Amino acid sequence: MQTTHKISGDSAAGYAAYLASASDRGDYYTGGREDEPAGATALAPSRWHGSPALLAHLGLASEGPVKREDLADLMGGVSPADGHELRQAGGNGSRVAGIDMTFSAPKSVSALWAVSSPYERARIEAAHSRAVAGTIARVERDVELLRTRVDGELRWERANRLLAAEFVHTSSRLTRDQEQGGVPDPQLHSHVVVLGAERMNGRFAAVDSRELFRSARANGAWYRAELAHGLQQLGLEIRGRTGRDGRYFEVAGVPEALSERWSMRGAEIERAARAFRNRYGRDPRAGELGSITVGTRGTKSTATAVNVDGAWQAVGEEYGLTRDRAQSLYSPQRGASATLGRDLLRDLTRTHSTMSDRDLRARAYEFAAGYLHPGEADEVLAGLAREGELVALTNDHWTTRELREREQQTLELAKARMSERSAPVSEKSIRESRLEVQREIGAQLSTEQRAALSTITGEGGVTVLVGQAGTGKGVVIRAAAAAWQREGYRVIGTAIAGATAERLGADAKLERSVTTDALNARVESGAISLDAHTVVVMDEAGMADTHRLSTLMEISARQQSKLVLVGDQAQLPAIGAGGMFATLQEGVPTAEVTEIHRATHAWEREAWKRVRAGEADRALVSYRGHGRLHISDTREQTAERMVADWDHARKEHPGERTVMLSDASNVELDRINALAQERRAQAGELGAQSVELPDRNYGLSPGDEVIFTSAFHQPGQSRVENGTLGTVTEVAGESRLSIETKGSREREVQVDAKEFSELRLAYAQHVYKAQGRTVDRAFVLTGGWQTDRERAYVALSRAQERTDIYVSREDLGEKGMDAGAIERLGEAMAQSHAREPSIATEAVQERESEVDRLMRESQEHDRDIGRD
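So, here's what we can say about the structure. (Residues numbered from 1 in each chain as written. Predicted model: local features only at pLDDT ≥ 70, side-chain atom pairs only at ≥ 80, totals over all residues. Heavy atoms only, no water.)

## Comments concerning the overall build of the chain
Then, in step 1: Each helix and strand counted, the chain has 32 helices and 31 strands in total.
Then, in step 2: Long-range pairs, those at least 24 residues apart, make up 73% of the contacts in the chain with a sequence separation of at least 6.
Then, in step 3: Summed over its atoms, the accessible surface of the chain is roughly 35700 Å², and 46% of this surface lies on carbon and sulfur atoms. (Helix = DSSP H or I, 4+ residues; strand = E, 2+ residues; numbered from the N terminus. Contact = heavy atoms within 4.5 Å. Areas by Shrake-Rupley, 256 points an atom, 1.4 Å probe, with all protein chains shown as cover.)

## Focus on the pairing of strand S3 (residues 96–104)
Then, in step 1: Counting buried positions along S3 gives 8 out of 9 residues, so the element sits mostly inside the fold.
Then, in step 2: Looking at chain direction, strand S1 (residues 2–8) and S3 are connected through 7 bridges and run antiparallel. Paired with Thr3 across the strands is Thr102, a residue of S3.
Then, in step 3: Relative to strand S7 (residues 186–198), S3 runs antiparallel, the two being bridged by 6 bridges. The residue of S7 that forms the bridge with Ser104 is His189. (Buried < 20%, exposed > 50% of the residue type's maximum accessible area, 1.4 Å probe, protein only. Pairing = 2+ DSSP bridges.)

## Re the sheet that holds strand S15 (residues 490–495)
Then, in step 1: Strand order in the open sheet made by the 6 strands is S16-S15-S17-S18-S14-S19, with parallel pairing throughout. Sheet topology places strand S16 (512–515) and strand S19 (590–593) at the edges, where each strand pairs with a single neighbour. The average undirected angle you get between the axes of adjacent strands in this sheet is 20°.
Then, in step 2: Note that strand S14 (residues 462–467) and S19 share 4 bridges and pair parallel. Of the residues in S19, the one forming a bridge with Val464 is Thr590. (Axes fitted to C-alpha atoms, helices over the stretch in contact; angles between N-to-C directions.)

## Focus on the nonpolar core
Then, in step 1: Leu112, Val207 and Leu231 are the most contacted members of the largest nonpolar core, which has 71 residues in total.
Then, in step 2: For this core, the leading source of residues is helix H7 (residues 216–233), giving 7 residues.
Then, in step 3: If we ignore the near neighbours within four places in the chain, the residues touching Leu231 are Val109, Ile124, Ala127, Leu236, Ile238, Phe249 and Val251. (Core = buried A, V, L, I, M, F, W, Y, C linked by side-chain atoms within 4.5 Å.)

## Details of the packing of aromatic side chains
Then, in step 1: The final tally for this structure, using the stated rule, is 9 aromatic pairs.
Then, in step 2: Ring centres 5.6 Å apart and planes at 55° place the aromatic pair Trp646 and Tyr763 in the tilted group. Of this pair, Trp646 sits in helix H26 (residues 635–652) while Tyr763 sits in the loop between strand S28 (759–761) and strand S29 (764–766), and the two are 117 residues apart along the sequence.
Then, in step 3: What makes Trp646 buried here is its relative accessible area of 3%.
Then, in step 4: Here Phe708 and Phe712 contribute two aromatic rings whose centre-to-centre distance is 6.1 Å and whose plane-to-plane angle is 35°, an arrangement assigned as tilted. We note that Phe708, like Phe712, is buried.
Then, in step 5: Three or more aromatic residues joined by ring pairs form one cluster here, namely Phe708, Phe712 and Phe756.
Then, in step 6: The side chain of Arg241 reaches across the aromatic face of Tyr371, ending 4.6 Å from its centre. (Phe/Tyr/Trp six-rings, centres within 6.5 Å; stacked < 30°, edge-to-face > 60°. Lys NZ or Arg CZ within 6 Å of the ring centre and 35° of its normal.)

## As for the sheet that holds strand S13 (residues 397–400)
Then, in step 1: With antiparallel pairing, 3 strands are arranged side by side in an open sheet as S11-S13-S12. In the strand order of this sheet, the two ends are held by strand S11 (355–356) and strand S12 (390–392), each with one partner.
Then, in step 2: Where S12 and S13 come together, 3 bridges link them in antiparallel fashion. Bridging from a neighbouring strand, Leu390 pairs with Thr400 of S13.
Then, in step 3: Helix H13 (residues 340–348) contacts S11, S12 and S13 of the sheet and is inclined by roughly 105° relative to S13.

## Side note on the side chain of Asp539
Then, in step 1: With respect to the helices and strands, the residue Asp539 is situated in the loop between strand S17 (534–538) and helix H22 (546–558).
Then, in step 2: Residue class for Asp539 comes out buried when judged on its relative accessible area of 8%.
Then, in step 3: Once residues within four sequence positions are removed from consideration, Asp539 is found in contact with Lys473, Thr494, Ala495, Thr500, Leu504 and Val566.

This is the structure in structure tokens:
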């Protein structure tokens with residue numbers, strides 16, 4: 001783990017004492033060695049990082065330990081040698097004292113260190129020390145830490161050497177539960193306080209902290225990979241790609257239960273990080289994680305000294321890791337994996353079509369831990385680029401040859417089918433189908449809807465319908481399907497989400513509508529046959545990732561079936577690598593419907609268009625002017641206000657379809673749903689019996705509105721799709737529920753909550769579950785980290801009669817300033833996170849220069865480490 005946080009100038013003296021005043025075991029509160037008196041304080045092992053010339057100029061010993069007074073001077077911005085100012089204070093008179101980069105070994109490494117002999121401890125510490133030095137060299141080589149002005153233009157450049165002080169600690173801070181006489185957990189880690197940098201011309205300068213924060217993931221990944229490599233050199237077996245998203249490693253043979261036992265401090269930080277995720281819907285960034293780590297620290301002193309080493313040995317024995325057992329974990333060095341390149345290529349485009357150079361390197365180092373030295377991972381990247389498997393793009397991003405070729409082939413295939421007369425229909429069939437739909441809806445199709453109907457049923461083996469929110473694209477699809485069916489064609493519906501496919505089938509009156517995964521698989525297996533008399537309609541195609549969309553494109557072309565893609569690239573994007581829906585519109589017959597029919601009020605229809613166009617600030621002015629924007633101080637108050645308004649509205653208008661929407665975490669949704677459920681229970685609207693659900697802060701009672709969060713299979717019946725809504729009608733025993741589903745396929749299903757617990761209350765839902773839905777009134781909680789243009793557009797465009805927006809000043813960094821809060825919300829809602837395919841960015845033509853750069857930088861690694 002690697003965290004980064006700033007040390008403020010006013011806390012410099014205290015932080016210097018914190019770093020230096022530890023025993024050589026790093027236990028923070030006992031005496032030093034056993035021959036020292038109890039309560040004595042020894043200095044933590046330390047060293048300077050920097051060029052010999054700079055260290056000598058500052059009066060620092062390159063081989064000696066870091067003196068507290070020297071560190072305090074440098075953190076104060078002056079030279080320890082003569083007191084002259086090294087770094088100017090900011091405009092407000094304050095300065096950043098330093099930036100603490102903390103490198104922590106995985107818990108199994110610290111556990112093994114704690115029970116090992118002094119000899120093995122020293123070897124583990126040496127591997128840790130080399131990994132820290134290697135990471136600092138990597139930062140100097142790869143991260144542009146210094147700002148400079150050239151002809152009035154601000155530029156960034158690499159430093160020659162960092163000036164930093166490293167302190168090695170070998171136990172965690174006491175948790176608050178341990179403060180009263182407890183024993184800290186072993187935790188081998190180094191604090192590296194970056195104090196400045198030496199420019200290539202030898203001058204001293206402050207570093208740009210933002211670049212250290214941005215590179216924190218790559219730095220931590222390099223450290224872990226080099227540490228894993230060093231431990232392998234000692235003969236330890238490493239289990240790589242462990243933990244969240246495969247980012248970490250552990251030492252094989254160290255009991256997992258012991259690692260957990262010695263993770264009290266880590267668990268304390270994780271609880272704080274989890275609270276952050278629950279509130280903001282994302283992981284804390286490097287600087288935020290550093291602040292969380294500092295904010296959860298306990299004290300450094302207790303009343304009595306404790307034999308920490310003896311306590312650690314006893315705990316290790318309790319879990320079966322004795323000193324002898326630890327010694328047996330060392331064996332001859334094992335071979336490395338040769339699959340890093342293949343694994344990286346498969347992972348690189350798992351969620352996005354491209355990856356930044358910084359993130360690509362970080363992922364390579366994460367995957368290398370336990371298999372290769374991180375320098376070798378750089379060589380693997382260089383080899384992949386040289387072989388053409390990695391493609392360099394002009395915006396300092398990368399993609400894979402396989403994905404880029406697939407995108408190009410998909411676009412070329414669609415263009416090649418432009419002139420096909422696929423599934424042609426007569427004007428008579430179109431007219432009769434249009435009249436039929438108009439009778440059903442009691443209104444005329446608009447001019448643009450009629451034009452769209454003509455386009456998608458006309459020429460082209462692939463056609464596209466872009467349907468902006470609330471524009472009635474469903475009636476166009478229904479009329480087109482009826483026209484094809486009149487001519488004897490079979491129309492099959494599909495969508496990424498099962499509930500969306502089901503709704504499409506019902507609304508367009510299709511004989512069959514299934515998920516895209518199911519359709520692709522059944523066609524390949526022969527369970528479903530496509531031919532020239534088949535039309536495939538894909539709804540919400542903007543949410544389709546490249547793999548699924550291209551597979552469907554290839555299948556329909558091979559079977560000579562017409563493919564109609566329906567969606568809106570301005571709404572929610574694909575979960576994986578995507579963006580092809582928007583790109584395909586450039587090469588195939590495309591129609592767009594823009595006239596909004598869903599919203600009752602003209603001002604709100606205009607506001608939706610503004611949000612879609614990235615002009616959220618102007619839309620928010622309208623919402624505020626009509627009393628639809630509600631601002632509270634905290635996120636919790638905002639949620640409570642929304643639930644209260646929802647409760648009042650549903651009682652005042654009991655027939656209305658209402659929904660509360662949020663772009664936050666599932667934990668927050670559960671909290672909001674529990675508040676809504678409590679109001680319904682207080683009103684006597686729910687049954688007395690309840691079935692408890694695991695990992696939920698509520699149970700389910702008769703009358704509760706629920707949503708299935710994964711597909712549910714009941715013997716003898718078609719499955720209930722993920723995203724299906726329902727009402728609990730009966731509770732039997734401790735776990736049996738009867739649920740009446742809603743929507744296109746209403747039926748009653750029996751669910752045993754002990755066997756299937758993927759149910760949630762549905763009074764409040766995530767925006768992703770709401771795309772495609774229409775309600776009478778919506779209540780939207782927004783303003784958190786996940787807020788962006790696509791989520792805002794979907795959330796605000798669900799309701800026909802009224803949408804209310806709820807936001808907190810706390811989320812937007814404003815205190816009592818509504819105008820400022822609205823401005824910040826508008827900025828967040830204007831930011832687009834739409835997916836783009838790699839072919840939207842040009843490839844670097846001089847690919848060999850990119851290869852040469854990667855190779856040169858990887859070859860410099862050993863020389864860079866040698867300077868330390």
